[in-house]
Amino acid sequence: MKVIVTVVEKITSEAHIDIPDGLNQSAIKQHIVDRYNSGAMSTYMNIYQVDFESISAQIVQEQTDTHSISASIG
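Residues numbered from 1 in each chain as written. Predicted model: local features only at pLDDT ≥ 70, side-chain atom pairs only at ≥ 80, totals over all residues. Heavy atoms only, no water.

> I'd like a description of the overall build of the protein, backed by residues and values.
For the protein, the count of helices and strands is one helix and three strands. Buried residues in the protein amount to 4% of all 74 residues. Of the contacts made within the protein by residues no fewer than 6 positions apart, 62% connect residues no fewer than 24 positions apart. For the protein, the accessible area works out to roughly 6,300 Å², and carbon and sulfur atoms hold 51% of it. (Helix = DSSP H or I, 4+ residues; strand = E, 2+ residues; numbered from the N terminus. Buried < 20%, exposed > 50% of the residue type's maximum accessible area, 1.4 Å probe, protein only. Contact = heavy atoms within 4.5 Å. Areas by Shrake-Rupley, 256 points an atom, 1.4 Å probe, with all protein chains shown as cover.)

> Residues and numbers for the confidence of the model for the protein, please.
It should be kept in mind that the predicted coordinates are not to be read in detail where pLDDT is low. Overall, the prediction assigns the protein a mean pLDDT of 86, with 82% of residues at 70 or greater. At the low end of the mean pLDDT range in the protein sits strand E3 (residues 66-72), at 64; at the high end sits helix H1 (residues 25-38), at 94. (pLDDT = per-residue confidence, 0-100.)

> Report on the side chain of arginine 35, specifying residues and quantitative values.
Secondary-structure assignment places arginine 35 in helix H1. Buried charge without a partner: arginine 35 forms no salt bridge, and the closest opposite charge is aspartate 18, 7.1 Å away. Those residues in contact with arginine 35, other than ones at most four positions away along the chain, are Ile17, Asp18, Ala40, Met41 and Tyr44. (Lys, Arg positive; Asp, Glu negative; His and termini not counted. Salt bridge = Lys/Arg side-chain N within 4 Å of Asp/Glu carboxyl O.)

Structural data, given as structure tokens:
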């Protein structure tokens with residue numbers, strides 16, 4: 001029997017970065033978005049928390065007949 005399992009998790013990452021002094025709130029947001037989009041922040045990202053969302057399994061048989069089961073938190 002072959003089973004395809006799909007797990008959905010929400011991952012929260014945390015990065016401690018230095019930003020220039022004197023920026024207003026809008027400039028701080030843009031600086032963070034620019035660092036994230038450029039990939040410069042990814043080396044500082046650490047997984048802070050992982051929340052289980054759902055898990056599902058689909059039983060695959062040799063014929064076209066399939067069965068699905070699933071569970072979720074929430």
